[in-house]
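# Fold and geometry: a report
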Amino acid sequence: MTRFSSLPAALLVFGMSAGAACAADLSRPAPVAPAAPAYPETIAAYGFNWTGAYVGANVGYRWLDDKASGAAGRANLNSGSAAGGLQAGYLFQTGPMVYGAELDATYGRNSKSANVPGGRIDAAMDWQGSARGRLGFAFDRVLVYGTGGVAVANFDSDGHGGGKTATNSDTRVGWTAGGGLEYALSKNVSLRGEYLYSDFGRNSVSYPGTGLGGSKQDLTSHLARLGVNFKF
């Protein structure tokens, strides 16, 4: 009888020990999950990131303003032409601000002839290029930007008079400025529309032996184009 009478006391002691152990487990703090890694500041609102190098191609229309004046009188040598080319650059993004630099080369044959007293002048422009900075603001996949820098172009001018022809070929350096809008189709491909105005100053031209004398040409161009970029 003594053995059986101690059984309830043993069960009571076991139950109290188990309850104390459960209470101790409940008092322990829950494990803390590791903090998520911070996003870099170059990603605007965790959206598309414009940072990186890119190359691309473009096609558009170029209008050349070429006004000649001098001993042979005045001549309007304005002309329009389709134009296309390549571009390459690098962009950085800090918050919504995007900035970088770009090189481009464009080819198109702008040519025009004009009769002047004593003969005729032919003028043409084929290639032009630029080295420009870019600065804009990103709205996720949309980038609105301005651009400006140094422009260079090749101009040819022929004077015909007195049965002779004199040819001039000159590489001119000037400035360019413009802007555009670019949209990212995917992580690596974007489309853009862009306008550039370029001013190459006043160019002095002479046509020896033709009787036309010398002239000065004010040279500016307008370039509107669409392009595609491939970002690395």
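Everything below is about the structure shown above.
Residue numbers restart at each chain and count upward from 1, following the sequence in its written direction. Whole-chain, interface and lining totals are the exception, using all residues; otherwise, since this is a predicted model, local features are given only for residues with pLDDT of at least 70 and side-chain atom pairs are given and counted only at 80 or more. Side-chain measures here rest on the full set of heavy atoms in the structure, leaving out hydrogens and waters.

## Notes on a nonpolar patch on the surface
Patch definition: residues with relative accessible area over 30% and no salt bridge; like charges joined within 9 Å; nonpolar side chains (Val, Leu, Ile, Met, Phe, Trp, Tyr) joined within 5 Å. Per-residue accessibility takes into account occlusion by the displayed protein chains alone, with areas from the Shrake-Rupley method and a 1.4 Å probe. Criterion for a salt bridge: a side-chain nitrogen of Lys or Arg within 4 Å of a carboxyl oxygen of Asp or Glu. Together, Tyr90, Phe92, Met97, Tyr99, Leu135, Phe137, Phe139, Val144, Leu181, Tyr183, Leu185 and Leu191 line one region of the surface with nonpolar side chains, adding up to about 1,100 Å² of accessible area. By definition, any uninterrupted DSSP run of H or I lasting at least four residues is a helix, any uninterrupted run of E lasting at least two residues is a strand, and each is numbered from the N terminus. With three residues, strand E5 (residues 119-139) is the single largest residue contributor to the nonpolar patch. Its location among the elements puts Leu191 in strand E8 (residues 189-206). Burial classes: relative accessible area under 20% of the type maximum marks a residue as buried, over 50% as exposed, and values in between as partly exposed (1.4 Å probe, protein chains only). On the accessibility criterion, Leu191 (40% relative accessible area) is partly exposed.

## Focus on the pattern of salt bridges
Scanning all chains against the criterion turns up 13 salt bridges. Between Glu102 and Arg132 there is a salt bridge; the shortest N-O distance is 2.5 Å. With a gap of 30 residues between them, Glu102 in strand E4 (residues 97-116) and Arg132 in strand E5 connect regions that are remote in the sequence. Taken individually, Glu102 and Arg132 each receive the classification buried, so the pair is uniform in this respect. Connected via shared salt-bridge partners are Glu102, Asp104, Arg132, Arg134, Glu182, Arg192, Glu194 and Arg225.

## Considerations on the pairing of strand E9 (residues 214-231)
Looking at chain direction, strand E1 (residues 52-70) and E9 are connected through 17 bridges and run antiparallel. Within E9, the residue paired with Leu64 across the bridge is Ser221. Bridge count for E8 against E9 is 16 bridges, and the pairing is antiparallel. Across the sheet, Leu196 pairs through a bridge with Leu223, a residue of E9. When DSSP locates at least two bridges between a pair of strands, those strands are taken to pair.

## What to know about the packing of aromatic side chains
Two rings belonging to Phe, Tyr or Trp (six-membered ring only in the last case) form a pair when the distance between their centres is within 6.5 Å. Interplanar angles under 30 degrees mark stacking, angles over 60 mark edge-to-face geometry, and anything in between is tilted. Counted by the stated rule, this structure contains five aromatic pairs. Relative to Phe92, the ring of Tyr90 has its centre 4.9 Å away and its plane inclined at 50°; by these criteria the two rings are tilted. In this structure Tyr90 comes out as partly exposed when scored by relative accessible area, which is 37%. Put simply, the rings of Tyr90, Phe92 and Tyr99 touch in pairs and so form one group of aromatic residues.

## Notes on the side chain of Thr147
Mapped onto the elements of the fold, Thr147 is located in strand E6 (residues 142-161). Of note is the side chain of Thr147, whose polar atom sits 2.7 Å from the side chain of Arg132. Pairs of residues are marked as contacts when any of their non-hydrogen atoms sit within 4.5 Å. Ignoring anything within four residues of it in the chain, the contact list for Thr147 reads Arg132, Gly133, Arg134, Thr176, Ala177, Gly178, Gly179, Glu194 and Leu196. Throughout this description, a polar contact denotes any pair of N or O atoms lying within 3.5 Å of each other; where both atoms belong to protein, one of them has to be capable of donating a hydrogen while the other can accept it, and for residues adjacent in sequence the pair is counted only when both atoms sit in side chains.

## A closer look at the side chain of Lys231
Following the sequence through the fold, Lys231 ends up in strand E9. In summary, the charge assignment counts Lys and Arg as positive and Asp and Glu as negative, without counting His or the chain termini. Although buried, Lys231 forms no salt bridge, and the nearest oppositely charged side chain, Glu182, lies 9.6 Å from it. Engagement of the side chain of Lys231 in a polar contact is seen with the backbone oxygen of Asn49, the distance being 3.5 Å. Reaching out from Lys231, the side chain makes a polar contact with the backbone oxygen of Thr51 at a distance of 3.3 Å.

## Side note on the environment of Leu103
Position of Leu103 among the secondary structure elements: in strand E4. Among the residues examined, Leu103 registers a relative accessible area of 56% and is labelled exposed. Between the C-alpha atoms of Leu103 and Val55, which are 48 residues apart in sequence, the distance is 9.6 Å. Ignoring sequence-local partners within four residues, the contact set of Leu103 consists of Leu86, Gln87, Ala88, Ser130 and Ala131.

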